[in-house]
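The residues making up each chain are set out below.
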Amino acid sequence: MSHSSYRVLSNHTGKMAPKGVVGLDKIPQQVVNKAIRLGFDFNILCIGETGIGKSTLIDTLFKTEFNSSPVKHNQVKVALCENTYRLKESNVQLRLTVVDTVGFGDQINKVNSYEPIVEYVDKQFERYLLEELRPNRNRLDFHDTRIHACLYFISPTGHSLKILDLHTMKALDKKVNLVPIIAKADTMSQQEIVAFKARILEEIRANDIHVYTCVDGNGGAMEPVGMPYAVIGSREMVLVKASKVRGRKYPWGVVEVENDKHCDFVRLRDMLIRTNMEDLREQTNSNLYEVYRSAYLEAKTDYQPFMSSKQIQNAQEQRIVRDREIDRLVQDKLSAKEKELKQIEIQMKEEFEIERQKYTEEKENLGKKGEALRKESTEFQQVKKHMEASRTSTLEKMKAKKAK
Ligand code: GTP
Ligand code: MG
């Protein structure tokens, strides 16, 4: 992937204090505790045509005037302009990066206007991934520049989404938390806004574009209430019933930014900063980054992201040679063992045969000896019988002689 086709126009870092309560202190206590210790990063990408009100809305959201020095809009390609600010409210430190698309929609051929934006988003994921893969990663000081929320500014035409809007949203919907907003909502009537919102949602669904959703009461996914937000931005404070409010003054009256009867600005700000900031960060880390991470690692064989393809090929070849050598050694060892066992078996058989023959011979000899002894005993019995008979006859003869 080449990263040369987008240009980052400026990289400004400044310390800012909001001129009023933004609500950073309303995020959950756990996050606050962590944030007090470490500070945290939140990065917003603003996509919208030139002059649609991006800078004004960001200033309105954070109640301050960020660096929005005008950039020339005669870009051949869309350029990304990033600015980082440190905001502090109560104890909470926020490192906010606002990324602006300069020249979006200005080119005659708008077909590939979204490509530099996609590359920019991927580049931030890659940067994070490479840091994660480092043996000694620097978790505390590392500036996480992954985009947590993408505000997509829709022109208040009252018609429908433009082809450029559909292409861009589709190209980004799996990479960012997409938050569509209708810019300059004060240029439309209430009825027009209702109808325009319905049409936008219809087109988003028809084109299977995935916008940011959060968890509803039943554990399902739902778009935050009010989306696509119809918003108004203003850096001015105007007088309404003796009090100063943020708004835009017209000959016929004042439109109040923070009045939810006039627009969805408060809903957007609450969602973005007060209620869903942690969820946006969490979804970026657990879902969007995870998809990028597994695709990236799968693309790099053997999980070796720092190897060139030539190095990977060499490593694979070396591994094949090494595996074959191991197979050969194992085979040799097995054959030698088999031979040795066969030899032992033959030897044992021979020894057994010798023992068997010895036993047979001994058995035969014993048989013969037994036979001879039996014969000797019979002969002895016969001699004994004969001797007893002759002794008896001699005694009888002597008795007869005595009697005479
Ligand atoms: P570039 O950075 O030049 O692309 O413009 P941008 O999108 O940042 O717009 P910017 O905030 O500079 O606003 C352009 C003009 O629109 C300014 O004159 C603003 O006062 C005006 N403007 C901004 N927000 C609103 C709004 O909600 N309603 C109306 N009517 N005008 C607005
Ligand atoms: Mg601007």
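Our subject is the structure listed above.
Remember, predicted model here, so these are calculated numbers, not experimental data. (Residues numbered from 1 in each chain as written. Chains lettered and ligands numbered in written order. Predicted model: local features only at pLDDT ≥ 70, side-chain atom pairs only at ≥ 80, totals over all residues. Heavy atoms only, no water.)

Colleague: Quick question: what am I supposed to make of the overall build of the protein chain here?
Modeller: The secondary structure content of the protein chain amounts to eight helices and twelve strands. For the protein chain, the residues scored as buried account for 39% of the 404 residues in total. Put simply, 74% of the contacts in the protein chain that link residues at least 6 apart link residues at least 24 apart. Working note: accessible area of the protein chain is about 25,200 Å², and carbon and sulfur atoms make up 53% of it. (Helix = DSSP H or I, 4+ residues; strand = E, 2+ residues; numbered from the N terminus. Buried < 20%, exposed > 50% of the residue type's maximum accessible area, 1.4 Å probe, protein only. Contact = heavy atoms within 4.5 Å. Areas by Shrake-Rupley, 256 points an atom, 1.4 Å probe, with all protein chains shown as cover.)

Colleague: What am I meant to see in the pairing of strand E10 (residues 237-240) here?
Modeller: The side chains of a regular strand alternate between both faces of the sheet. Only one face of E10 is covered, namely the one carrying Val238 and Val240; the face carrying Met237 and Leu239 has none of its residues buried. For E10 and strand E11 (residues 243-250), the ladder comprises four bridges, and the chain directions are antiparallel. Among the inter-strand pairings, Met237 is bridged to a residue of E11, identified as Arg246. Here E10 folds back onto E11, and the loop between the two strands holds two residues, one of which, Lys241, carries a positive phi near 45°. (Pairing = 2+ DSSP bridges.)

Colleague: Would you take a moment to explain a nonpolar patch on the surface for this structure?
Modeller: The grouping of Ile326, Val330 and Leu334 at the surface amounts to a nonpolar patch, some 260 Å² of accessible area in total. Positionally, Leu334 belongs in helix H8 (residues 309-403). (Patch = residues over 30% accessible without salt bridge, like charges linked within 9 Å, V, L, I, M, F, W, Y side chains within 5 Å. Salt bridge = Lys/Arg side-chain N within 4 Å of Asp/Glu carboxyl O.)

Colleague: Mind showing me how you'd approach helix H4 (residues 163-172) here?
Modeller: Every α-helical turn comprises 3.6 residues, leaving residues that sit three or four positions apart pointing alike. Taken together, the buried positions of H4 are occupied by Leu164, Asp165, Leu166, Thr168, Met169 and Leu172. Elements that come into contact with the buried residues of H4 comprise strand E2 (40-47), helix H3 (115-133), strand E5 (149-154), strand E6 (178-182) and helix H5 (190-206).

Colleague: Explain the pattern of salt bridges to me, please; I cannot follow it from the model alone.
Modeller: One pass over the full model with this rule turns up 24 salt bridges. Across the pair Arg248 and Asp186 runs a salt bridge whose closest N-O atoms are separated by 3.9 Å. Remark: Asp186 occurs in the loop between E6 and H5 and Arg248 occurs in strand E11; sequence separation between them is 62 residues. The exposure class assigned to Asp186 is partly exposed, which follows from its relative accessible area of 25%. Across the salt bridge formed by Asp264 and Lys197, the nearest N and O atoms sit 2.6 Å from each other. Highlighted residues: Asp264 in the loop between strand E12 (253-256) and helix H6 (265-275) and Lys197 in helix H5, separated in sequence by 67 residues. The pair formed by Asp264 and Lys197 is uniform in burial state, with each residue classed as buried.

Colleague: Is there a simple way to explain H6 in this structure?
Modeller: For H6, the full list of buried residues reads Phe265, Val266, Leu268, Arg269, Met271, Leu272 and Ile273. Looking at the buried side of H6, the elements it contacts are E2, helix H2 (54-62), E5, E6, strand E9 (229-230) and helix H7 (277-299).

Colleague: Looking at this structure, how should I read the packing of H3 against H7?
Modeller: A pair of packed helices is captured by two measures, namely the crossing angle of their axes and the spacing between those axes. Their axes nearest at 10 Å, the elements H3 and H7 cross at an angle of 80°. If you check the angle between H3 and H7, you find them roughly perpendicular. Contact with H3, carried on its side by Asp122, Phe125, Glu126, Tyr128, Leu129, Leu130, Glu132 and Leu133, involves Thr284, Asn285, Leu288, Tyr289, Tyr292, Arg293, Tyr296 and Leu297 of H7 and no other residues of that element. Split by residue class, the contact of H3 with H7 holds ten nonpolar, two polar and four charged. (Axes fitted to C-alpha atoms, helices over the stretch in contact; angles between N-to-C directions. Parallel < 35°, antiparallel > 145°, perpendicular 65-115°, else oblique. Nonpolar A, V, L, I, M, F, W, Y, C, P; charged D, E, K, R; others polar.)

Spatial relationships are all this shows, so hold off on functional conclusions.
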